[in-house]
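# Structural overview
What follows is each chain in one-letter form.
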Amino acid sequence: MRRTLAAAVVALSTALTAAPAVSATTPTVTAPRAATAGVASADRDATAVKARAALATASDLVTGDAAPSDGVRRVDATLALTDLFARLDHLRGPERTAAEALLARPTDGAGDVYGDGYTVRSKKKCAGNFCLHWVPTTADAPPGMTWVNRNLALLNKVWRFEVGKLGYRKPVSDGFVKGRNNGGNGKFDVYLADVGSQGLYGYCAPEYVRKSKPRLATGFCVLDNDFSRDQFSAPPRDSLRVTAAHEFFHAIQFGYDYLDDRWFKESTATWIEERFADDVNDNRSYLVASQVQRPGYSMDVSGVSNFQQYGNWTWWEYLTVRYGAGIVRKVWNGAGQFKGAGRTYSTKALTRVLGSRGGFRAVYNRYVGANVAPGRFYPEGGSWPSAKIGKTWKLTEDQRTASGVATLNHLAARNFAAVPGGSLESGRWRAKITVDGPAGRTSPAAYLTVKNTRGAWVEKAIRLNRDGRGSVVFPFSATKVREAVVSTVNASTRFADCGGGSIYSCGGTPRDEGKKFRVSVKVYKKSR
C-alpha cells in the first residue's frame, strides 16, 4: 500500500502481544464508514476472527510479503483492502488503528507514527473527472510534470472509455464527505506513490458509504509513481495503461456492489484491460491460472492470494467474442445493488442474462469446448495455451475400447482425447463416445471437438438426457482424424448458505460438488 506499511504490521504484531494503550500523539485517522450486516452474538467471535484474518492478509499483500505464485507477476491489493473495509467495524483498539492506517489515503499519512504516508506536502492537479495527487520529493515522487500530465490525461481517457463508450455507471462521488478526506472536492482522486517497491502496480480502496446505500461505496486509487523498469518488466506507459484501466474499473464496481463476489470483480477488471489496451497483453500472464489451461478448477473460485479470478477473464472474453462487450455490463447491472438493478450476485446474474441466449449450461459448455483450441475461436488465441487434456487414449484395430472417469466440482471440466492409430486407415472406421454423467438437475454437459488431418475443427455439444447420459458417433479413421476431444462439464450454479464466507459465488456452499462422469469410447468398422 503506501510506501512502508511494514511498520504498521510490526506495530500491529507488538500490539497483539502487549496490547498497550494507543499513544495520545498518534495522529487521528478518519475511519472509513463501512456498512456491515448485523451479526448475532453467537457469531461475533467467528466474525472477529475473519476480520483479523482480513487484516493479516491485507498487511501481507500490501507490504509485498505475499509473493506471487504460478509465474504470475502482478499482485492486486484491491481485493484484500475491500475485504478489510467490509470487516472494519469488527476490529477494536490497535487492530482497528492498524486497519485504518492500511485503508488511509497517502495524504493522511504525513507525520504518521507508522511512517507509511506521504512524508512531505503533496501537490494536486485537477482536470476533467479526476484530481491527481503527488509529492515533489522522496521515493514517492514521479519523474516530473510530464509524467503527472500523462497520468491525468490517461485517466480521463479511461473514464471516457469505461463510463462513456462502454456505458458503465460513473464511480460514487465523495462530494458529500466534508473535510480533507475527500481530496478537496467531489472529483475522483488518484495518488502516485512508490507502491512498486511492494510488488504492486496499483490499487483502489473503498472508503465511504451512505446508510441509505450500504453496498455502494466511494473510493480512491493509488498508482505506482513511475512504473520504473527496475521494478516492472513492461515499458512504463504500457504498465500505466493496463493498471489505470483495471484499477479504475474497481472504482466503478464500488458503485454497483463493492461486496459482490471477488472472482467477478477481478476477472472483469482484468478483461477490461483487453478492451482498453488490447496491444499490451499483460493479462496473458494470468492464462496459466485460467480455465483455458486449468479447466478442473471451479471458475468462480477466488481468494486474495490466488490467481484464478484474474486468469478467468477469458470467460468474459468468450462472451464478448460471441455476444459483444455490452453483455458484461448487462451482468453487472443484474448484480448491482442500486435502484433498478437486479440486486443479486455474480453467477445468478449470469444465468439470468444468458437465459435468453440458450441458457448458462449451453453457453458454458461451448466455452469449455472453445478452450480446447483457443486459436480457432479467440482473436488472439493463437498465442494462448491450450486446455489441459486429462487423459489421451490411442485406439487401434487391436485396442478398440477405452474409458475413464472424471470427478468434477461445479463450474469445472475435464478433457479426454482419443487418437486413431495407423491401423484405423479405412474410411469406414467410426468412433462412438458415450458419456454417463450425473442427473440432469445438477447441470451436466459434454462437448466434442474433432481435429481433422487438414487442421480444421468440427465441434458439437453431446446431448445428455435427464439421467445425464448421451452419446455421439463420428468418422474416426487415421486418414481423416488427428484427434477427438470430449469435454465433460459440471455447469452447476446451485449454491446453499449464501453469505457463509466461502471462496465461491455469494460466499455460499456449492450444492453439486464431486460429480462423476464416465467416458467410454469404442471404435468399429462400418459395414459396407
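This text follows the structure it describes.
Everything in this summary refers to the structure shown in the same document. Here the structure is a predicted model, which is why all the values come from computation and not from measurement.

### Looking at the overall build of the protein
In terms of regular secondary structure, the protein is built from twelve helices and 16 strands. Per-residue burial over the protein gives 54% buried out of 528 residues. Counting only contacts in the protein whose residues sit at least 6 apart along the sequence, the fraction spanning at least 24 positions is 74%. Accessible surface computed for the protein: about 21,100 Å², of which carbon and sulfur atoms make up 48%.

### Points about the sheet that holds strand β6 (residues 391–395)
Read from one edge to the other, the open sheet built from five strands follows the order β6-β8-β13-β10-β11, with strand pairing classed as mixed. Single-partner strands in this sheet number two, and they are β6 and β11 (457–461). Neighbour-to-neighbour, the strand axes of the sheet open up by a mean angle of 20°, direction not taken into account. Note: β6 against strand β8 (residues 412–420), five bridges, orientation parallel. Counterpart to Thr 392 in the pairing with β8 is Ala 417. Sheet strands touched by helix α12 (residues 360–370): β8, β10 (444–452), β11 and β13 (481–490). Its angle to β10, the strand with the most contacts, is close to 35°.

### Structural notes on the state of the cysteines
Enumeration over the complete set of coordinates arrives at three disulfides. The residue that forms a disulfide with Cys 498 is Cys 506, at a sulfur-sulfur distance of 2.0 Å. Around the S-S axis, the bridge from Cys 498 to Cys 506 shows a dihedral of about -70° and counts as left-handed. Residue class for Cys 498 comes out partly exposed when judged on its relative accessible area of 43%. By sequence order of its bonded cysteines, the protein has the disulfide arrangement 1-2, 3-4, 5-6.

### Overview of the packing of aromatic side chains
Counted under the stated rule, the structure contains 36 aromatic pairs. Ring plane angle 20° and centroid distance 5.1 Å describe the contact between Tyr 286 and Tyr 310, whose orientation is recorded as stacked. In this pair, Tyr 286 is assigned in the loop between α7 (262–276) and α8 (308–311) and Tyr 310 in helix α8, connecting sequence segments 24 residues apart. Overall, Tyr 310 belongs to the buried group, its relative accessible area being 1%. Judged by centre distance (5.9 Å) and plane angle (65°), the rings of Trp 315 and Tyr 364 are edge-to-face. With a gap of 49 residues between them, Trp 315 in helix α9 (residues 313–323) and Tyr 364 in helix α12 connect regions that are remote in the sequence. For the pair shown, Trp 315 and Tyr 364 are each scored as buried. Note that Arg 169 overlies the ring of Tyr 256, its terminal NZ or CZ placed 5.9 Å from the centroid. When the ring centre of Phe 338 is taken as reference, the NZ or CZ atom of Arg 169 above it lies at 3.7 Å.

### Details of the side chain of Glu 380
In this fold, Glu 380 is placed in the loop between α12 and β6. Judged by its relative accessible area of 18%, Glu 380 is buried. Here the side chain of Glu 380 touches Arg 284 through a polar contact of 3.0 Å, side chain to side chain. Sequence-distant contacts of Glu 380, defined by excluding residues within four places in its chain, comprise Glu 274, Asp 278, Asn 281 and Arg 284.

### A closer look at the nonpolar core
Counting residues in hydrophobic clusters, the biggest one holds 103 residues, and the most contacted among them are Trp 315, Trp 316 and Tyr 364. When residues in this core are grouped by element, the largest group, ten residues, is from helix α6 (residues 236–257). Setting aside residues no more than four positions away along its own chain, Trp 316 makes contact with Trp 263, Phe 264, Ser 267, Thr 268, Trp 271, Val 328, Val 331 and Leu 350.

### Some points on the environment of Phe 227
Secondary-structure assignment places Phe 227 in the loop between β5 (213–224) and α6. Here the alpha-carbon distance between Phe 227 and Asp 238, two residues eleven residues apart in the chain, equals 9.1 Å. Excluding residues within four positions of it along the chain, Phe 227 makes contact with Trp 147, Tyr 201, Phe 232, Pro 236, Ser 239, Leu 240 and Thr 243.

### Brief notes about the pairing of β11
Relative to β11, β10 is paired through five bridges, and the arrangement is antiparallel. In the strand pairing of β11, Val 450 is matched with Val 458. Two successive antiparallel strands, β10 and β11, enclose a turn made up of four residues, where Gly 455 displays a positive phi of approximately 90°.

Rules of the game
Residues numbered from 1 in each chain as written. Predicted model: local features only at pLDDT ≥ 70, side-chain atom pairs only at ≥ 80, totals over all residues. Heavy atoms only, no water. Helix = DSSP H or I, 4+ residues; strand = E, 2+ residues; numbered from the N terminus. Buried < 20%, exposed > 50% of the residue type's maximum accessible area, 1.4 Å probe, protein only. Contact = heavy atoms within 4.5 Å. Areas by Shrake-Rupley, 256 points an atom, 1.4 Å probe, with all protein chains shown as cover. Pairing = 2+ DSSP bridges. Axes fitted to C-alpha atoms, helices over the stretch in contact; angles between N-to-C directions. Disulfide = S-S within 2.5 Å. Phe/Tyr/Trp six-rings, centres within 6.5 Å; stacked < 30°, edge-to-face > 60°. Lys NZ or Arg CZ within 6 Å of the ring centre and 35° of its normal. Polar contact = N/O pair within 3.5 Å; in protein donor to acceptor, adjacent residues only side chain to side chain. Core = buried A, V, L, I, M, F, W, Y, C linked by side-chain atoms within 4.5 Å.

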